[in-house]
Amino acid sequence: MSEPAVRRIGTFAAALLVLAAACVPSRPTAPIDLPPSRTGSSGLGEPLPRAMPMSREEALSAARRLVSRWQKARETANVPVSTSIASFPMREDPLALLTILADPCLEGGDFHAQPCEEIGDPESNLGALFYPLLELARETAPLESGSTDTLKLLFRLENTAAWYAARHAIERILERRFLRAHKSCERPDANDVATASADLDDFFVLSETGTVRRLTKPERADLAYLYAAVRDSGPAFGSDAWVPSSPLPAGHPDLQLRAKLNAEMDTAHRAGDIGQYAKTARDYLASLGYPGPLRTEEDGAAHWKGPGYLEVLREYARAREMLGETAEAERAYRHTRHVNGTHDQIVKGAIRTAEVRAGCEGSVAERLFAINQPEDFYGINRLIEDGYDVPRLYRGALLTSGRADPAEVRRALQASPLRREGIARLERLGSEWWAGRTRAIPGLADTARAKSVDALARVAAKGDRYDQLEALLTLGRLLRDDGADPCKKVNVPRIYLIGGLRAVQPMVECGSKIDPTLVTALVRSLAPLQNSPDDEVLHDFVGLLGLLGSVEAKPLLQSVIATSGARANGEIEERARSELSRIDMAEINRRARP
């Protein structure tokens, strides 16, 4: 895939996530009450306790012994780190050693000075000890809620060159708390589905032709199954998260207040005072309207991961989670939205905190979103293990395609004979865009496999533009075939693309192959897209044809080349010629196979 194409995919995915963030929940949910504040303050600048008082030289010697034993154990174990540590004899306290080794950096106050740079470099003598100790500390840290010594140290280390490892260690401790509380999910039963179905009389599908229609009986059953499964879900990310506002003039008292609070947050962060950080962050957010909708244009701050208020929201949610205040943490996680690769932190945090509130049933939607790999413990495997019909959940969610923009939904309903009922439901429950909230298009492809192709082809042919583009991309990722023998490849990796797209496993696997009649039918059903007036749709359609690797697609690509002169976008002709070459190479590979 060309670099411009990857950038385009990333841009589209980012736009899709922003739209997903703006969707409102499909069902009213109980408010998440704010628990009493527990600051857990250790006092700004208070030194961290040491369980093993010793000199720095003694600490270095003990660290070398511990790290040497740990590395030897890991070399022979070939099991996950957590499993190795469970049977590893810990003679020294990794937290105490970390604290002593970090002292010159943390107590010096200049986190860019040489001692801080040294602990952040895993190739330095100190870094070679520091990182294994950090690993041991995160896997042996106590799991009680609150501002523990381990969390305070890691929180301070986030200001140093070791910030990424420290941040990952905090995430791992929160993860270990989460896994310790694991309980089985209770999948919806027949009564749950019947109850949900009774509430769908006024739900109408926005069809691929732009009209509004009632659910068919099988569709109603699938959507009811989804709604029964997500009945305890919290609000969608970013729901009602902002109100219209305007930038404030320079020197405005509110801007001065936020600059002061930002400085105080930085001081608390450097001191490892998680409670004070959370309190100050909440004051910052309250100045913008939190816990209600935020006056975002008044913020005036920025961060490399997005607007300043979003950075404060994410960090505030994490701090509250560290302190064990999971109800407020979930509220803050859900108040924010995905931008610039932050979706992992937000979705994982929402899953962890929602499951404290409502068990696994509180996080079904976020698990279907499937960050990183759907098989990890934040993804769909837990649902599968507990008996959920995951493809059916995605089929139900796909019925809400085209609902990204509530205003567009309203316009479609107003033009329909069903407008009275449909608009009343829209005003009561919002747009109900579960297709975006769960990433139903790639999710269905990855779980239903060949059985998803007909449904995705219908969306790709005539769906809402955003869903149409995602369906074209997803079909290409599912059915891509370069003609080579998959049994001679080391593996067929999952495809990860810029922009946070959900993983989709290609159907070309050793011992199996894509049914050529399926590909032929798909090419023919999508043939009218060769005349699409939308350059981006045509571009992605051309890309799909090449990924299919089928000779059936060549006449369509040749037709696109012949008519591309009428378009200002010369990239389409170039892409079509490239995809013709891809198909030719796939044919060469097929002929070379035994």
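A quick note: this is a predicted structure, and the numbers were derived from the prediction, not measured. Each chain has its residues counted from 1, running along the sequence as written. Only residues with pLDDT of at least 70 are given local features in this predicted model, and only at 80 or more are side-chain atom pairs given and counted; all residues enter the totals for whole chains, interfaces and linings. To get the side-chain values, all heavy atoms of the structure are used, and hydrogens and water are removed first.

## With respect to the environment of L580
Logical step 1: Numbering goes from the N terminus for both helices and strands, where a helix is a DSSP run of H or I of at least four residues and a strand is a run of E of at least two. Note that L580 resides in helix 28 (residues 570-592).
Logical step 2: Put simply, L580 and V551 are 29 residues apart on the chain and 9.0 Å apart in space, counted from C-alpha to C-alpha.
Logical step 3: Contacts were defined at the residue level, with two residues in contact if any of their heavy atoms lie within 4.5 Å. Ignoring any residue separated from it by four or fewer positions in sequence, one finds L580 in contact with K554, L557, Q558 and I561.

## Notes on the side chain of R176
Logical step 1: As for its placement among the helices and strands, R176 is situated in helix 8 (residues 163-180).
Logical step 2: Within polar-contact distance, the side chain of R176 engages the backbone oxygen of A141 at 3.1 Å. Any N or O atom pair separated by 3.5 Å or less is treated as a polar contact, with the protein-specific requirement of one donor-capable and one acceptor-capable atom, and with residues adjacent in sequence counted only for side-chain atom pairs.

## Re the pattern of salt bridges
Logical step 1: A side-chain nitrogen of Lys or Arg and a carboxyl oxygen of Asp or Glu constitute a salt bridge if their distance falls within 4 Å. Overall, the coordinates contain 51 salt bridges when judged by the stated rule.
Logical step 2: The partner of E366 in a salt bridge is R437, with the nearest N and O atoms 3.2 Å apart. Of this pair, E366 sits in helix 16 (residues 364-369) while R437 sits in helix 21 (residues 434-437); the two residues are 71 residues apart in sequence, bridging distant segments of the chain.
Logical step 3: Per-residue accessibility, obtained with a 1.4 Å probe over protein chains only, is compared with the maximum for each type, and a residue is labelled buried under 20%, exposed over 50%, and partly exposed between these values. With relative accessibility at 2%, the residue E366 sits in the buried group.
Logical step 4: A residue is classified by how much of its surface remains accessible, and R437, at 7% relative accessible area, is buried.

## Description of the environment of R403
Logical step 1: For R403, the position within the fold is in the loop between helix 18 (390-398) and helix 19 (406-414).
Logical step 2: Among the residues examined, R403 registers a relative accessible area of 4% and is labelled buried.
Logical step 3: In sequence terms R403 and D467 are 64 residues apart; their C-alpha atoms lie 9.7 Å from each other.
Logical step 4: Separated by 3.1 Å, the side chain of R403 and the backbone oxygen of S431 make a polar contact.

## Points about the packing of helix 27 (residues 554-563) against helix 28
Logical step 1: Here an axis means a line fitted to C-alpha atoms, over the contact stretch when the element is a helix, while the angle between two N-to-C directions is reported on a 0 to 180 degree scale. Between helix 27 and helix 28, whose axes approach to 9 Å, the crossing angle comes to 155 degrees. Looking at the two axes, helix 27 sits roughly antiparallel to helix 28. By crossing handedness, the relation of helix 27 to helix 28 is classed as left-handed. Residues K554, L557, Q558, V560 and I561 of helix 27 touch helix 28, and the partners they reach there are I572, E573, A576, R577, E579, L580, I583 and D584.
Logical step 2: Here the nonpolar group is Ala, Val, Leu, Ile, Met, Phe, Trp, Tyr, Cys and Pro; Asp, Glu, Lys and Arg are the charged ones; every other residue, Gly included, is treated as polar. Residues of the contact of helix 27 with helix 28, tallied by class, amount to seven nonpolar, one polar and five charged. By the definition adopted for this analysis, an angle is roughly parallel if under 35 degrees, roughly antiparallel if over 145, roughly perpendicular if from 65 to 115, and oblique otherwise. A clockwise turn of the near helix away from the far one marks a right-handed crossing, whereas an anticlockwise turn of less than a right angle marks a left-handed crossing.

## Some details on helix 2 (residues 56-77)
Count 3.6 residues to each turn of an α-helix, and residues three or four apart come out pointing the same way.
Logical step 1: Here the expected span of a helix is defined as 1.5 Å times the quantity of residues minus one. Helix length check: helix 2, at 22 residues, gives a terminal C-alpha distance of 31 Å against a target of 32 Å (1.5 Å per residue), a fit within 8%.
Logical step 2: Those residues of helix 2 not exposed but buried are A59, L60, A62, A63, L66, V67, R69 and W70.
Logical step 3: Of the surrounding elements, those touching the buried residues of helix 2 are helix 3 (81-86), helix 4 (94-106) and helix 6 (125-140).
Logical step 4: Trailing helix 2 by a residue or two, N78 shows a phi angle of about 50 degrees, which is positive.

## Notes on the packing of helix 8 against helix 15 (residues 343-358)
Helices that pack against each other are described as a pair by the angle of their axes relative to one another and the distance between those axes.
Logical step 1: The interhelical angle for the contact between helix 8 and helix 15, taken along N-to-C directions, is 25 degrees, at an axis separation of 10 Å. The orientation of helix 8 with respect to helix 15, classified from their angle, is roughly parallel. The two elements helix 8 and helix 15 meet at a crossing, and its hand is left-handed. Residues R167, E171, L174, E175 and F178 of helix 8 lie in contact with helix 15, whose contacting residues are Q345, K348, I351, R352 and E355.
Logical step 2: A per-class count over the contact of helix 8 with helix 15 returns three nonpolar, one polar and six charged.

## Examining the packing of aromatic side chains
Logical step 1: Aromatic rings from Phe, Tyr and Trp, with only the six-membered ring used for Trp, were paired whenever their centres fell within 6.5 Å, and each pair was classed as stacked if the ring planes differed by under 30 degrees, edge-to-face if by over 60, and tilted otherwise. With the rule as written, the count across this model stands at eight aromatic pairs.
Logical step 2: Aromatic side chains F155 and Y277 sit 5.3 Å apart centroid to centroid with 85 degrees between the ring planes, which places their arrangement in the edge-to-face category. Within this pair, whereas F155 is found in helix 7 (residues 149-157), its partner Y277 is found in helix 12 (residues 274-286), the two being separated by 122 residues in sequence. We note that F155, like Y277, is buried.
Logical step 3: Put simply, the rings of F178, F377 and Y378 pair up and form one aromatic cluster.
Logical step 4: A ring is scored as having a charge over it whenever the NZ atom of a lysine or the CZ atom of an arginine sits within 6 Å of its centre and within 35 degrees of its normal. The aromatic ring of F237 is capped on one face by R334, whose charged end is 5.9 Å from the ring centroid.
Logical step 5: Its end group placed over the ring of W242, R337 keeps NZ or CZ at 5.2 Å from the ring centre.

## Re helix 18
Logical step 1: Among the residues of helix 18, V390, L393, Y394, G396, A397 and L398 are the ones counted as buried.
Logical step 2: Against helix 10 (217-229), helix 16, helix 17 (381-385), helix 21, helix 22 (440-448) and helix 23 (453-462) lie the buried residues of helix 18.

## Topic: unusual backbone geometry
Logical step 1: With omega at 10 degrees, the peptide bond leading from Y290 into P291 counts as cis.
Logical step 2: Assignment of secondary structure puts P291 in the loop between helix 12 and strand 3 (302-303).
Logical step 3: With phi around 55 degrees, R439 is a residue other than glycine that occupies positive phi space.
Logical step 4: The topology assignment puts R439 in the loop between helix 21 and helix 22.
Logical step 5: Judged by relative accessible area, which is 5%, R439 ranks as buried.
Logical step 6: Of note, the phi angle at R449 is positive, near 55 degrees, even though the residue is not glycine.
Logical step 7: Mapped onto the elements of the fold, R449 is located in the loop between helix 22 and helix 23.

## With respect to the state of the cysteines
Logical step 1: Any pair of cysteine sulfurs within 2.5 Å is marked as a disulfide. Taken as a whole, this structure holds two disulfides when the rule is applied.
Logical step 2: With a sulfur-sulfur separation of 1.8 Å, C105 is cross-linked through a disulfide to C116. Measuring handedness by torsion sign, the sulfur bridge of C105 and C116 sits at about 95 degrees and is right-handed. Taken together, the residues span a long stretch of sequence, with C105 in helix 4 and C116 in helix 5 (residues 114-119) at a distance of eleven residues. An identical accessibility class is assigned to C105 and C116; each is buried.
Logical step 3: Bridging C185 to C360, the disulfide has an S-S length of 2.0 Å. Judged by the sign of its S-S torsion, about 75 degrees, the cystine formed by C185 and C360 is right-handed. Of this pair, C185 sits in the loop between helix 8 and helix 9 (190-197) while C360 is found in the loop between helix 15 and helix 16, placing the two residues 175 residues apart along the sequence. Neither residue differs from the other here; C185 and C360 are each classed as buried.

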